[in-house]
Amino acid sequence: MRMLLIHSDYLEYEVKDKALKNPEPISDERKKDRLDEVLAVFISVEKVDESNPEEVVEKAVAEIEDVVKQVKAERVFVYPFAHLSSELASPSVALEILQKIEEKLKEKGYEVKRAPFGYYKAFKLSCKGHPLAELSRTIVPEEGVSK
Ligand SMILES: NCC(=O)N[C@H]1[C@@H](O)[C@H](n2cnc3c(N)ncnc32)O[C@@H]1CO
């Protein structure tokens, strides 16, 4: 999994078109959305993640929480982003992992939104520009260790 984390004044998106034959079904209110004072987390789920999705979710949540605390972000935007890797996981596995990341962060008490999966989206982002405002993380499951 590859993550690009941008501490932002805001992130807003608008769904434009389907990018997959069967994108995630979404309600009207999720066609456009915005969060202010947010840690935007752009995530490419990778093929290697399919060997242990649970472990990858756990590690991703830990990394996101670590950055949230460092930058003192007030909320998190999980953003599916298929452009950080050339070894992408299947859409079904990727969506499941992204939904689990959202769920676990909410369980920890964070205010979280997740941008719709399987669409082309317009987005606006205002990066805060401080030294920790732009970070990347790579997460891989342990070799052959399955729970
Ligand atoms: N910018 C627009 C876009 O990326 N659209 C992507 C993601 O929303 C989603 N997607 C598909 N596979 C993946 C994956 N492995 N990881 C993350 N997202 C994925 O499906 C769209 C087409 O690839």
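Look up: the structure comes first, before these words.
Keep in mind that what you see is a predicted model, and the values were worked out from it rather than measured.

Another aspect to go through is the side chain of lysine 121. In this structure, lysine 121 sits in strand 5 (residues 119–127). Engagement of the side chain of lysine 121 in a polar contact is seen with the backbone oxygen of proline 116, the distance being 3.0 Å. From its side chain, lysine 121 meets the backbone oxygen of tyrosine 119 in a polar contact 3.4 Å long. Ignoring any residue separated from it by four or fewer positions in sequence, one finds lysine 121 in contact with Tyr13, Glu14, Val15, Lys16, Tyr79, Pro80, Ala115 and Pro116.

Time to look at helix 1 (residues 53–71). For helix 1, spanning 19 residues, the distance from its first C-alpha to its last is 27 Å, which sits close to the expected 27 Å at 1.5 Å a residue. Glu55, Val56, Val57, Ala60, Val61, Ile64, Glu65, Val67, Val68 and Val71 are the residues of helix 1 that are buried. Check the buried side of helix 1 and you find it contacts strand 1 (2–18), strand 2 (32–44), strand 3 (75–80), helix 2 (91–107) and strand 6 (134–138). After helix 1 finishes, the residue lysine 72 shows a positive phi value of roughly 60 degrees.

The subject of this paragraph is helix 2. The terminal C-alpha atoms of helix 2 lie 24 Å apart, and with 17 residues this matches the ideal 24 Å at 1.5 Å per residue to within 8%. Among the residues of helix 2, Ala94, Leu95, Ile97, Leu98, Ile101, Glu102 and Leu105 are the ones counted as buried. Across the axial projection of helix 2, the buried residues extend over an arc of 165 degrees, all falling on one side. Exposed and facing more than 90 degrees away from the buried side of helix 2 are Ser92 and Glu107. Summarising the contacts, the buried residues of helix 2 are in contact with strand 2, helix 1, strand 3 and strand 4 (111–114).

According to the stated counting rule, one finds 6 aromatic pairs in the structure shown. With a centroid separation of 5.6 Å and an interplanar angle of 45 degrees, the aromatic rings of phenylalanine 42 and phenylalanine 123 are classed as tilted. Of this pair, phenylalanine 42 sits in strand 2 while phenylalanine 123 sits in strand 5; the two residues are 81 residues apart in sequence, bridging distant segments of the chain. For phenylalanine 42, a relative accessible area of 2% corresponds to the buried category. According to the relative accessible area criterion, phenylalanine 123 is partly exposed, its value standing at 37%. Cluster of aromatic residues (ring-pair linked, three or more members): Phe42, Tyr79, Phe81 and Phe123.

A separate point is the pattern of salt bridges. One pass over the full model with this rule turns up 20 salt bridges. The partner of lysine 128 in a salt bridge is aspartate 9, and the shortest N-O contact between them spans 2.7 Å. Of the two residues, lysine 128 sits in the loop between strand 5 and strand 6 while aspartate 9 sits in strand 1, which places them 119 residues apart along the sequence. Under the relative-accessibility criterion, aspartate 9 is labelled partly exposed at 30%. The salt bridge involving glutamate 142 is made with lysine 59; its shortest N-O contact spans 3.0 Å.

Criteria and cut-off values
Residues numbered from 1 in each chain as written. Predicted model: local features only at pLDDT ≥ 70, side-chain atom pairs only at ≥ 80, totals over all residues. Heavy atoms only, no water. Helix = DSSP H or I, 4+ residues; strand = E, 2+ residues; numbered from the N terminus. Polar contact = N/O pair within 3.5 Å; in protein donor to acceptor, adjacent residues only side chain to side chain. Contact = heavy atoms within 4.5 Å. Expected span 1.5 Å × (residues − 1). Buried < 20%, exposed > 50% of the residue type's maximum accessible area, 1.4 Å probe, protein only. Arc of directions from axis to C-beta. Phe/Tyr/Trp six-rings, centres within 6.5 Å; stacked < 30°, edge-to-face > 60°. Salt bridge = Lys/Arg side-chain N within 4 Å of Asp/Glu carboxyl O.

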